[in-house]
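# Close look at the chain arrangement
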Amino acid sequence: MKIVIIAGSNRKHASSTKLSQYVGQVIGDKGGDVELFDLYATPIPMYSPDESYEDHEALKKLKSLMLKCDGVVLATPEYHSSISGVLKNALDHLHKDYFSGKPVLVMSSSGGAVGVSCLQHLQGIVRNLHGINSPEWISIGGSQRQSFEGEEAWLDVAEDVNLRIHRASDLFLSLVQRLRKA
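The structure contained in this document is the topic of the report that follows. In this text, all values refer to a predicted model and were calculated from it rather than measured experimentally.

This part is about the overall build of the protein chain. A count of helices and strands for the protein chain gives six helices and six strands. Ordered by position from N to C terminus, the α and β elements of the protein chain give β-α-β-α-β-α-α-β-α-β-β-α. The globule rule puts the C-alpha radius of gyration for 182 residues at 16 Å, and the 15 Å found for the protein chain is close to it. Principal-axis analysis of the C-alpha atoms places the extent of the protein chain at approximately 45 × 35 × 25 Å. Classification of the 182 residues of the protein chain by burial places 49% in the buried group. Summed over its atoms, the accessible surface of the protein chain is roughly 9000 Å², and 48% of this surface lies on carbon and sulfur atoms. A gap of 5 Å separates the mean positions of the 19 positive and 21 negative side-chain charges of the protein chain.

Within the secondary structure, Ser 109 is located in strand 4 (residues 103–110). For Ser 109, a relative accessible area of 3% translates into the label buried. For Ser 109, the side chain forms a polar contact with the side chain of Ser 15, separated by 2.5 Å.

Turning to the pairing of strand 3 (residues 71–77), a few remarks are in order. A large share of strand 3 lies buried, amounting to seven of its seven residues. What you see with strand 3 is no split at all: Gly 71, Val 73, Ala 75 and Pro 77 on one side and Val 72, Leu 74 and Thr 76 on the other are buried throughout. Note: strand 3 against strand 4, six bridges, orientation parallel. Paired with Val 72 across the strands is Val 104, a residue of strand 4.

Right, let's get into the nonpolar core. In this structure, Ile 6, Ile 44, Leu 62, Met 66, Leu 74, Leu 91 and Phe 99 are the most contacted members of the largest nonpolar core, which totals 28 residues. Put simply, the parts of the chain that give this core at least two residues each are strand 1 (2–7), helix 2 (57–68), strand 3, helix 3 (85–93), helix 4 (96–99), strand 4 and helix 5 (116–128). Per element, the largest residue contribution to this core is five residues, and it comes from helix 2. Residues in contact with Ile 6, not counting those within four places in the same chain, are Phe 37, Leu 39, Leu 62, Met 66, Val 73, Leu 74, Ala 75 and Leu 87. By size, the runner-up hydrophobic cluster in this structure holds 22 residues, among which are Leu 19, Met 107, Leu 173 and Val 176.

This part is about the environment of Glu 57. Summarising the element assignment, Glu 57 is placed in helix 2. Residues Glu 57 and Thr 42, 15 residues apart in the sequence, show an inter-C-alpha distance of 9.6 Å.

Let's shift gears to the packing of helix 1 (residues 15–29) against helix 6 (residues 159–181). Packing of helix 1 against helix 6 leaves a shortest axis separation of 10 Å and a crossing angle of 60°. With respect to their mutual orientation, helix 1 and helix 6 come out oblique. Crossing angle aside, the handedness with which helix 1 passes helix 6 is right-handed. Judged by residue contacts, Leu 19, Tyr 22, Val 23, Val 26 and Ile 27 of helix 1 engage Asn 162, Ile 165, His 166, Ser 169, Phe 172 and Leu 173 from helix 6.

Counted according to the given criterion, the structure contains seven salt bridges. A salt bridge links Lys 88 to Asp 92, with the shortest nitrogen-to-oxygen separation between them at 2.5 Å. Highlighted residues: Lys 88 and Asp 92, both in helix 3, separated by four residues, approximately one helical turn.

Rules of the game
Residues numbered from 1 in each chain as written. Predicted model: local features only at pLDDT ≥ 70, side-chain atom pairs only at ≥ 80, totals over all residues. Heavy atoms only, no water. Helix = DSSP H or I, 4+ residues; strand = E, 2+ residues; numbered from the N terminus. Rg over C-alpha atoms; globule rule 2.2 N^0.38 Å. Buried < 20%, exposed > 50% of the residue type's maximum accessible area, 1.4 Å probe, protein only. Areas by Shrake-Rupley, 256 points an atom, 1.4 Å probe, with all protein chains shown as cover. Lys, Arg positive; Asp, Glu negative; His and termini not counted. Charge placed at Lys NZ, Arg CZ, Asp CG, Glu CD. Polar contact = N/O pair within 3.5 Å; in protein donor to acceptor, adjacent residues only side chain to side chain. Pairing = 2+ DSSP bridges. Core = buried A, V, L, I, M, F, W, Y, C linked by side-chain atoms within 4.5 Å. Contact = heavy atoms within 4.5 Å. Axes fitted to C-alpha atoms, helices over the stretch in contact; angles between N-to-C directions. Parallel < 35°, antiparallel > 145°, perpendicular 65-115°, else oblique. Left-handed = near helix turned anticlockwise from the far one by under 90°. Salt bridge = Lys/Arg side-chain N within 4 Å of Asp/Glu carboxyl O.

The values are spatial; any link to function lies outside them.
Right, dumping it as structure tokens:
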């Protein structure tokens, strides 16, 4: 199973990116072949329908990964009850051919208690791109983010957070496997 994780933060040490790395490791341990595309480390140009981006290496890489994958994980911080601008920009570069019929797990990291509004927005975008939303999402907020901040990330992931991550990952991978067989 080829899985692409798009880390949609524009912050160097973002907790949503650390969460993406951790979830990538969890999915990898469960048999997934994971590729992380970090929008901070590998920026792509601002989308404009008037422009051609055929020569932009980072965008070509993202599109190639998306065409070859069996499932997608989208991670975002929550900004003003919605997704990050860099993730929205990346999704604007992609169309239904990159998502159609593929399971998509969405996850967020919020400075507040939970990042549910951005996940609802993200699931709406996934539906419009003809992706299949995984039945669960991953949202960490408030003190739960501490496990995914700084250089000590993942050393002490709270048990309840870890259980949610594993449950959501298991459901997502189960959906990917069922759709690959179909």
